[in-house]
Amino acid sequence: MLELKNINVSFRSERQDKIFGHTRQQVLFDVSLAVKEGTCLGILGESGSGKSTMGRVLCGLLKPDSGEAVLDGVSVYASRAGRRNLQNKLSIVFQDYTTSANPRFRIRDIIGEGLTVQERREGKKLDRKAETSRLLELVGLPADFADRFPHELSGGQLQRVCIARAVACKPEIILFDEAISSLDAHTQVQVMDLLRELKDRLGLTYIFITHDLTSITYLCDDVLFLYQGRVTENLPVERIRETKDEYARKLLGSIVVFDTEESA
Ligand SMILES: Nc1ncnc2c1ncn2[C@@H]1O[C@H](COP(=O)(O)OP(=O)(O)O)[C@@H](O)[C@H]1O
Ligand SMILES: [Mg+2]
């Protein structure tokens, strides 16, 4: 449903050359991918490999130098309507739930940001109180959390609120950029279980960006490896062990230990 075709992205570097003026640093090189409806595509790469930049291209925030992003046959960057088409169907959850949730907002207002998007799109007012309670319940939080402020919640609870905000816009696709990376291991598993449940219940499609292989194997159907701005591998998760990608092999090496213990 969502596709990238031969995407190239570069940024103006801070370094200024006396003769040539600003130089450009290329961050993505000829990146192509396809997200299949109802599946979870994992994007794995080390820090600085260009994952977030790719995420910004995927969610309509960054026009590439060349290449095309296409959602359901409509080019995203060719027209304003293309961007709007994408933004109507896609929500985002970031890693930094502390800054992506305004500390002065109550939880009901944070979720309300998502509800506003839905109201604007559908051109009708919602029963905000009922919708907020329903969404809190959906992400496994008590309805009376609506009155609380972000600092009164744990990291995992606050990330659940951000997930509720993302779901509030009734998206078809959700993009997660390191959304669980700063949670402790136990909370990560709980949030991943929630994500699996929501995906089935709401018929969602996921794009899951991470530097952590374990969460990929837990959550994703397909995985794409990004190394220094290039896609080095793209395969179903069941075949992850066949990868020739060096970084992936290194990560796999660290979990092979568990395997031998299991089979012993
Ligand atoms: N707005 C920007 N301006 C200049 N350089 C950027 C910008 N955004 C990202 N970069 C550079 O692009 C590279 C990839 O960054 P990023 O996509 O954030 O990687 P990742 O999310 O995999 O850690 C880095 O070298 C980063 O410094
Ligand atoms: Mg990043």
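- With an unreviewed UniProt entry as reference, the protein chain is termed Oligopeptide transport ATP-binding protein OppF, source organism Faecalibacterium prausnitzii.

**A closer look at the site of ligand 1**
So, point 1. By nearness alone, every residue bordering ligand 1 is listed as Phe11, Gln25, Val27, Glu46, Ser47, Gly48, Ser49, Gly50, Lys51, Ser52 and Thr53.
So, point 2. Between ligand 1 and glycine 50 there is a distance of 3.1 Å, counted from an oxygen atom to a backbone nitrogen or oxygen.
So, point 3. One of the side-chain N or O atoms of threonine 53 is found 2.6 Å from an oxygen atom in ligand 1.
So, point 4. Broken down by secondary-structure element, the contributors of at least two residues to the shell around ligand 1 are β2 (21-35) and α1 (51-58).
So, point 5. In terms of residues, the shell around ligand 1 owes the most to one element, α1, which gives three residues.
So, point 6. Looking at the shell around ligand 1 residue by residue, the classes come out as two nonpolar, seven polar and two charged.

**Describing the pairing of strand β3 (residues 40-44)**
So, point 1. Counting buried positions along β3 yields five of five residues, so the element is predominantly enclosed.
So, point 2. Covered by surrounding structure in β3 are Cys40, Gly42 and Leu44 together with Leu41 and Ile43, the residues of both alternating faces.
So, point 3. Note: β3 against strand β8 (residues 205-210), five bridges, orientation parallel. Residue cysteine 40 lies in a different strand from β8, and its bridge partner there is tyrosine 206.
So, point 4. Pairing between β3 and strand β9 (residues 222-227): four bridges, direction parallel. Opposite leucine 41, over in β9, you have aspartate 222 as the bridge partner.

**Topic: the state of the cysteines**
So, point 1. In the structure shown here, the tally under the stated rule is zero disulfides.
So, point 2. In this model cysteine 162 remains outside any disulfide bridge; the closest cysteine sulfur is found in cysteine 169, 12 Å from its own.
So, point 3. Take cysteine 162: its relative accessible area is 2%, and that puts it in the buried class.
So, point 4. On the basis of relative accessibility, which here comes to 13%, the residue cysteine 169 falls in the buried class.

So, how was this worked out
- Residues numbered from 1 in each chain as written.
- Chains lettered and ligands numbered in written order.
- Predicted model: local features only at pLDDT ≥ 70, side-chain atom pairs only at ≥ 80, totals over all residues.
- Heavy atoms only, no water.
- Near = heavy atom within 4 Å.
- Polar contact = N/O pair within 3.5 Å; in protein donor to acceptor, adjacent residues only side chain to side chain.
- Helix = DSSP H or I, 4+ residues; strand = E, 2+ residues; numbered from the N terminus.
- Nonpolar A, V, L, I, M, F, W, Y, C, P; charged D, E, K, R; others polar.
- Buried < 20%, exposed > 50% of the residue type's maximum accessible area, 1.4 Å probe, protein only.
- Pairing = 2+ DSSP bridges.
- Disulfide = S-S within 2.5 Å.

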